[in-house]
Amino acid sequence: DAGVTQSPTHLIKTRGQQVTLRCSPKSGHDTVSWYQQALGQGPQFIFQYYEEEERQRGNFPDRFSGHQFPNYSSELNVNALLLGDSALYLCASSLYRGSGTEAFFGQGTRLTVV
Amino acid sequence: GDSVTQMEGPVTLSEEAFLTINCTYTATGYPSLFWYVQYPGEGLQLLLKATKADDKGSNKGFEATYRKETTSFHLEKGSVQVSDSAVYFCALSDTNTGFQKLVFGTGTRLLVSP
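A brief report on the enclosed structure follows. (Residues numbered from 1 in each chain as written. Chains lettered and ligands numbered in written order. Predicted model: local features only at pLDDT ≥ 70, side-chain atom pairs only at ≥ 80, totals over all residues. Heavy atoms only, no water.)

## Thoughts on the side chain of Ser73 of chain A
Residue and element names in this part refer to chain A.
Part 1 of the argument: Among the secondary structure elements, Ser73 is positioned in the loop between strand E7 (64-68) and strand E8 (74-78).
Part 2 of the argument: In this structure the side chain of Ser73 is engaged in a polar contact, spanning 2.7 Å, whose partner is the side chain of Asn71.
Part 3 of the argument: Sequence-distant contacts of Ser73, that is, excluding residues within four places in its chain, are made with Cys23, Ser24, Pro25, His67 and Gln68. (Helix = DSSP H or I, 4+ residues; strand = E, 2+ residues; numbered from the N terminus. Polar contact = N/O pair within 3.5 Å; in protein donor to acceptor, adjacent residues only side chain to side chain. Contact = heavy atoms within 4.5 Å.)

## Let's talk about the pairing of strand E2 (residues 11-14) of chain B
On a regular strand, one side chain projects to one face of the sheet and the next to the other, so that they alternate.
All names here are of chain B.
Part 1 of the argument: By the alternation rule, side chains of E2 split into Val11 and Leu13, which are all buried, and Thr12 and Ser14, of which none is buried.
Part 2 of the argument: Relative to strand E12 (residues 108-113), E2 is paired through 4 bridges, and the arrangement is parallel. Each residue of the ladder has a partner; that of Ser14, found in E12, is Ser113. (Buried < 20%, exposed > 50% of the residue type's maximum accessible area, 1.4 Å probe, protein only. Pairing = 2+ DSSP bridges.)

## What about the layout of surface pockets?
In this approach the atoms are scanned with a rolling probe the size of a water molecule, which exposes any empty space left behind.
Part 1 of the argument: The space that makes up the largest pocket amounts to roughly 550 Å³.
Part 2 of the argument: In this structure, the largest pocket is lined by 26 residues; those nearest its centre are Gln37 and Arg110 of chain A together with Gln38, Val87 and Arg109 of chain B.
Part 3 of the argument: The residue makeup of the lining of the largest pocket, split by class, is 9 nonpolar, 13 polar and 4 charged.
Part 4 of the argument: The volume enclosed by the second largest pocket comes to roughly 150 Å³.
Part 5 of the argument: If you trace the second largest pocket, you find it lined by Pro43, Gln44, Phe45, Gly58, Asn59 and Phe60 of chain A together with Lys101, Leu102, Val103 and Phe104 of chain B.
Part 6 of the argument: Elements with a contribution of two residues or more to the lining of the second largest pocket: strand E5 (44-50) of chain A together with strand E11 (101-104) of chain B.
Part 7 of the argument: With 4 residues, E11 of chain B is the single largest residue contributor to the lining of the second largest pocket.
Part 8 of the argument: Along the lines of polarity and charge, the residues of the lining of the second largest pocket split into 6 nonpolar, 3 polar and 1 charged. (1 Å grid on protein atoms, 1.4 Å probe; cavity = no way out; pocket = protein on both sides within 12 Å on 5 of 7 lines; lining within 4 Å. Points joined across faces, edges and corners; volume = space filled by probe spheres on them. Nonpolar A, V, L, I, M, F, W, Y, C, P; charged D, E, K, R; others polar.)

## Quick notes on the interface of chain A and chain B
Part 1 of the argument: Residue-level contacts link 24 residues of chain A with 23 residues of chain B.
Part 2 of the argument: Across the chain A to chain B interface the summed buried area is about 2000 Å²; carbon plus sulfur atoms make up 54%.
Part 3 of the argument: At the surface where chain A touches chain B, the tally comes to 0 salt bridges.
Part 4 of the argument: The interface formed by chain A and chain B holds 3 residue pairs in polar contact (both at pLDDT 80 or more) in total. (Buried area = accessible area lost by both parts, 1.4 Å probe. Salt bridge = Lys/Arg side-chain N within 4 Å of Asp/Glu carboxyl O.)

## A look at the sheet that holds strand E1 (residues 5-7) of chain A
Residues and elements named next belong to chain A.
Part 1 of the argument: As summarised here, the arrangement of the 4 strands in space is E1-E3-E8-E7, forming an open sheet in which the pairing is antiparallel. Looking at the sheet topology across the chains shown, the edges are occupied by E1 and E7. Neighbour-to-neighbour, the strand axes of this sheet turn through a mean angle of 20 degrees, independent of strand direction.
Part 2 of the argument: The sheet contact formed by E7 and E8 spans 5 bridges and is antiparallel. Its bridge partner lying in E8, Gln68 is registered against Ser74. (Axes fitted to C-alpha atoms, helices over the stretch in contact; angles between N-to-C directions.)

## What about the state of the cysteines?
Part 1 of the argument: According to the stated counting rule, one finds 2 disulfides over all chains in the structure shown.
Part 2 of the argument: With its sulfur 1.8 Å from that of its partner, Cys23 of chain A forms a disulfide with Cys91 of chain A. Taking the sign of the torsion about the S-S bond as the criterion, the disulfide between Cys23 of chain A and Cys91 of chain A, at about -60 degrees, is left-handed. Of this pair, Cys23 of chain A sits in strand E3 (residues 19-24) while Cys91 of chain A is found in strand E9 (residues 87-94), placing the two residues 68 residues apart along the sequence. Both residues of the pair, Cys23 of chain A and Cys91 of chain A, belong to the buried class.
Part 3 of the argument: Across a sulfur-sulfur distance of 1.9 Å, Cys23 of chain B and Cys90 of chain B are joined as a disulfide pair. The sign of the -65 degrees torsion about the S-S bond sets the Cys23 of chain B-Cys90 of chain B disulfide as left-handed. Of this pair, Cys23 of chain B sits in strand E4 (residues 23-26) while Cys90 of chain B sits in strand E10 (residues 86-94), and the two are 67 residues apart along the sequence. You'll find Cys23 of chain B and Cys90 of chain B in the same group, each marked buried. (Disulfide = S-S within 2.5 Å.)

## Details of the sheet that holds strand E9 (residues 75-77) of chain B
Sheets are built from strands paired through backbone hydrogen bonds, the pairs being either parallel or antiparallel.
All names here are of chain B.
Part 1 of the argument: On the basis of which strands lie adjacent, the open sheet formed by 4 strands has the order E3-E9-E8-E7 and antiparallel pairing. In this open sheet, the two edge strands, each paired with only one partner strand, are strand E3 (19-21) and strand E7 (56-59). For this sheet, the mean angle separating the axes of adjacent strands, direction not counted, is 15 degrees.

Okay, structure coming up:
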């Protein structure tokens, strides 16, 4: 079982550019969530996808958007990048069964905006 | 909204010392509670969880008890090892929608010396 895989592992972008991050969930999982972890902070919830629809969204601007594909994989898109978007972006997958299910995390994509 | 507060680090201990990392939470419903661990350069791994009041989660010698009366979920280990050095995150799962949305604390770095 490959677990949750994210690509790329590192990325450097310039202010104003757009970026796409990718995530493949753990085999058998149907729900994908994205988190932003700034340096020295805990992860902050961005949004969550289930059945190809955004189900919940955290306090992030519309510059952050996503997509889930029929195979449950997901993309996170960030437009008009700001220096403050520099962070580790974590993808987590889980099964839709309620709040007690375990979320499995990928190793993350380190985004640096210069 | 829901929130998690955990003690600031770093926590510096000698090998075989007793560990406590405090965590308290604020939630409107009845959340599930989690401890995640992050080793350098890696994503988050679930360490233990508890889904209802008075439940005790345990794994790899770590324990935490869900205390509803004090809204706490303190992490303990009787004898730490150098390999336990990592950042520990307390988290709760928002139950409002049935989908798991994790709310994290800011993390506590543990440094264990030989």
